[in-house]
Amino acid sequence: VIAKEMTPPQRILFPPEKICMNWRQIRRPGAGLYNLGSTCYINVVLQCLTYTPPLANYLLSRQHSQFCDQQGFCMMCIMEAHVRKVLYSSASAIQPRAVIRDLKCKKFQVLWQVFFPSCRGELLTSLLVIGEFKPDIPGDAYEFLCCTFNAMQGACLSGSRDLDVSSQATTVIHQIFGGFLRSRVTCSSCQAVSDSYKAFLDVLLKIKAASSLTIALEDFVTPKQLDGKKCLKCSKCKKKVSASKRITIHHAPRVLTVCLGRADDRSSRKISQVVEYPEYLDLQPYMSDTAQEPLLYSLYAVVVHSGHTCLGGHFFCYTKASNGLWYKMDDESVDGCDIRTVLGQQAYLLFYIW
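All of these numbers come straight from a predicted model, not from anything done at the bench. As a convention, each chain's residues are numbered from 1 in the sequence order in which they are written. Side-chain atom pairs in this predicted model are given and counted only at pLDDT of 80 or more, local residue features only at pLDDT of at least 70, and totals for whole chains, interfaces and linings cover all residues. With hydrogens and water set aside, each side-chain value is computed from the structure's full complement of heavy atoms.

Participant: Would you mind showing me how to read the overall build of the protein here?
Facilitator: Under the DSSP-based scheme used, a helix requires at least four consecutive residues in state H or I and a strand at least two consecutive residues in state E, with every element numbered from the N terminus. The number of helices and strands found in the protein is 12 helices and 17 strands. Here the term buried applies to any residue with accessible area under 20% of the maximum for its type, exposed to any over 50%, and partly exposed to those in between, with areas from a 1.4 Å probe on protein chains only. A total of 354 residues make up the protein; the buried ones form 52% of that total. The contact definition used throughout considers only heavy atoms, calling two residues in contact when any of these lie within 4.5 Å. Counted over contacts in the protein with a minimum sequence separation of 6, partners at least 24 positions apart contribute 69%.

Next up, the structure:
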């Protein structure tokens, strides 16, 4: 969703004041998830979303399913049933067969192809055959998370036609995970400034030259030079000129989802370097307006990829349960751990809550 200017939404689909950021119920951690044939990349995404307090609160309230009129596939209804099953289960582990089964749905496959038209063949194949639980077909947790976000967003927009860009960003999913980026282009010749805005549900960061999350974020907001083939036509100069482009976070999300891009752009090799990340993150230095109060986020989930290449390996995660304690979730295993262990991982996905 891209707009040249920020305009107020014509319609609010879900009031932001109804978002409950803290757990409404304190309970022990829920069940682990059995691996049904190279489904660890699905399991970690399901677990991290299950332990996202505002999303879990909403799903447990059954507000969506009570009014849902979609026929067949609905990702919000699927997630609602799954989260209830995980958090209310007395078993140590459950089989996420209901979620896996629905991934064969043609509508979800279309979503995957729309949002990842150039994804590796194995990834698409894994979704098409995952219901048969074929082994040794890997998938990527970040791509699955993005497609799940978009499927949930699509479910929230069902029945709402001809909505303006700003209104589309007022669903419960955008109210929790969504924010806006500002792209500011400055003409090197006349200094004219042009702004555009883009809604986002996650932030993908380059880490090849970054030893920490804060350095990767600093690189993300550092102005980039546009010259040569990248020259843009200045609306004031009326000709193509060199310019600088700076992307900043214009509207911060309540829940910040970060992917540390470990896939090398030029090969299938994995970038395995250590990238340090804090338990508490101040996002204010990376905002469009840096003169405001600190925006302090708290870490609550981490996805880790083990393996030497991005085409294989294994995913597991760490999540902070409603009781305030950390747990390592490795498919069906759920084991307690401390924050030092959590912060010492080769992280792939990071989840922070404001």
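Additional details are given in the paragraphs that follow.
Participant: Is there a simple way to explain helix H4 (residues 75-88) in this structure?
Facilitator: In an α-helix, one turn spans 3.6 residues; hence positions three or four apart end up facing the same way. What a helix should span is 1.5 Å times the count of its residues minus one. Taking 1.5 Å per residue, 14 residues should reach 20 Å; H4 reaches 20 Å between its end C-alpha atoms and fits that length. By the criterion of burial, H4 is predominantly enclosed, with 10 of the 14 residues buried. Among the residues making up H4, those that are buried are Met75, Met76, Ile78, Met79, Glu80, His82, Val83, Arg84, Val86 and Leu87.

Participant: Please explain the packing of aromatic side chains as it appears in this structure.
Facilitator: Any aromatic ring pair is given by two values, namely how distant the centres are and how the planes are angled relative to each other. Any two of the Phe, Tyr and Trp rings considered here, Trp counted by its six-membered ring, make a pair once their centres fall within 6.5 Å; the pair's planes then place it as stacked at under 30 degrees, edge-to-face at over 60, or tilted in between. Counted by the stated rule, this structure contains seven aromatic pairs. Look at Tyr41 and Phe144: their rings are 6.0 Å apart centre to centre, the planes differ by 80°, and that puts the pair in the edge-to-face class. Of this pair, Tyr41 sits in helix H1 (residues 40-50) while Phe144 is found in helix H8 (residues 141-157), placing the two residues 103 residues apart along the sequence. Distance and angle both matter: a charge sits over a ring if NZ of Lys or CZ of Arg is within 6 Å of the ring centre and within 35 degrees of the ring normal. The side chain of Lys328 reaches across the aromatic face of Phe316, ending 4.7 Å from its centre.

Participant: What is the right way to read the nonpolar core from this model?
Facilitator: The tendency in soluble globular proteins is for nonpolar side chains to be buried as a group. Definition of nonpolar core: a set of buried residues of the types Ala, Val, Leu, Ile, Met, Phe, Trp, Tyr and Cys, connected through side-chain atoms within 4.5 Å. Grouped together as the largest cluster of nonpolar side chains are 62 residues, with contacts concentrated most on Met76 and Phe177. With 10 residues, the top contributor of residues to this core is H8. Those residues in contact with Phe177 that sit more than four places away from it in its chain are Leu49, Thr52, Leu55, Phe149, Phe200, Leu201, Pro253, Val255, Thr257 and Tyr300. Among the nonpolar cores identified, the runner-up in size contains 35 residues, and Leu283, Tyr286, Val302 and Trp326 belong to it.

Participant: Got a minute to help me understand unusual backbone geometry in this structure?
Facilitator: In most cases, non-glycine residues show a negative phi, while peptide bonds are predominantly trans. For Ser38, which is not a glycine, the phi torsion comes out positive at approximately 55°. Relative to the helices and strands, Ser38 resides in the loop between strand S2 (32-33) and H1. Overall, the relative accessible area of 22% leaves Ser38 in the partly exposed class. At Gln191, a position not held by glycine, the phi torsion is positive, near 70°. Mapping Gln191 onto the fold places it in the loop between strand S4 (179-187) and strand S5 (193-200).

Participant: What is the right way to read the side chain of Ser167 from this model?
Facilitator: Along the polypeptide, Ser167 turns up in helix H9 (residues 165-168). Residue class for Ser167 comes out buried when judged on its relative accessible area of 0%. Of note is the side chain of Ser167, whose polar atom sits 3.0 Å from the backbone nitrogen of Gln10. Each polar contact in these results corresponds to two N or O atoms within 3.5 Å; when the atoms are within protein, one needs to be able to donate a hydrogen and the other to accept it, and residues that are neighboring in sequence are counted only if both atoms are side-chain atoms. A polar contact is formed between the side chain of Ser167 and the backbone nitrogen of Arg11, at a distance of 3.0 Å. With residues up to four places along the chain from it excluded, the contact list for Ser167 reads Pro9, Gln10, Arg11 and Leu13.

Participant: For this particular structure, what's the right way to read the packing of H1 against H4?
Facilitator: If you want to describe how two helices pack, look at the angle between their axes and the distance between the axes. A fitted line through C-alpha atoms serves as each axis, taken over the contacting stretch for helices, and the angle formed by two N-to-C directions is quoted from 0 to 180°. One can describe the packing of H1 onto H4 by two numbers: an axis separation of 10 Å at closest approach and a directional angle of 80°. Between H1 and H4, the angle falls in the class roughly perpendicular. Only Met79, His82, Val83, Val86 and Leu87 of H4 make contact with H1, whose side of the interface consists of Leu46, Gln47, Leu49 and Thr50. For classification purposes, an angle smaller than 35 degrees is called roughly parallel, one larger than 145 roughly antiparallel, one from 65 to 115 roughly perpendicular, and anything else oblique.

Participant: Explanation requested: H1 in the structure shown.
Facilitator: The element H1 is extensively covered by neighbouring structure, given that 11 of its 11 residues are classed as buried. Regarding H1, the residues found buried are Cys40, Tyr41, Ile42, Asn43, Val44, Val45, Leu46, Gln47, Cys48, Leu49 and Thr50.

Participant: Is there a simple way to think about the pattern of salt bridges in this case?
Facilitator: Oppositely charged side chains can form a pair if their charged atoms are brought close together. Salt bridges are defined by distance alone: a side-chain nitrogen of Lys or Arg within 4 Å of a carboxyl oxygen of Asp or Glu. Evaluated as defined, the whole model comprises one salt bridge. Here Arg184 ties to Asp195 by a salt bridge, and the two come within 2.8 Å at their closest N and O atoms. Taken together, the residues span a long stretch of sequence, with Arg184 in strand S4 and Asp195 in strand S5 at a distance of 11 residues.

Participant: Is there a simple way to think about the packing of H4 against H8 in this case?
Facilitator: In contact at an axis separation of 7 Å, H4 and H8 are set at 110° when each is read in the N-to-C sense. Taken as axis vectors, H4 and H8 run roughly perpendicular relative to one another. Where H4 abuts H8, its residues Met75, Met76 and Met79 lie against Thr148, Ala151, Met152, Ala155 and Cys156. Its residues assigned to classes, the contact of H4 with H8 shows seven nonpolar, one polar and no charged. In this classification, Asp, Glu, Lys and Arg are treated as charged, Ala, Val, Leu, Ile, Met, Phe, Trp, Tyr, Cys and Pro as nonpolar, and every other residue, Gly included, as polar.

Participant: Help me understand the environment of Val342, please; the structure alone is not making it clear to me.
Facilitator: Looking at where Val342 falls in the secondary structure, it is placed in helix H12 (residues 339-343). Its relative accessible area of 0% is what places Val342 among the buried residues. Residues in contact with Val342, not counting those within four places in the same chain, are Tyr277, Leu299, Val302, Tyr318, Trp326 and Cys337.

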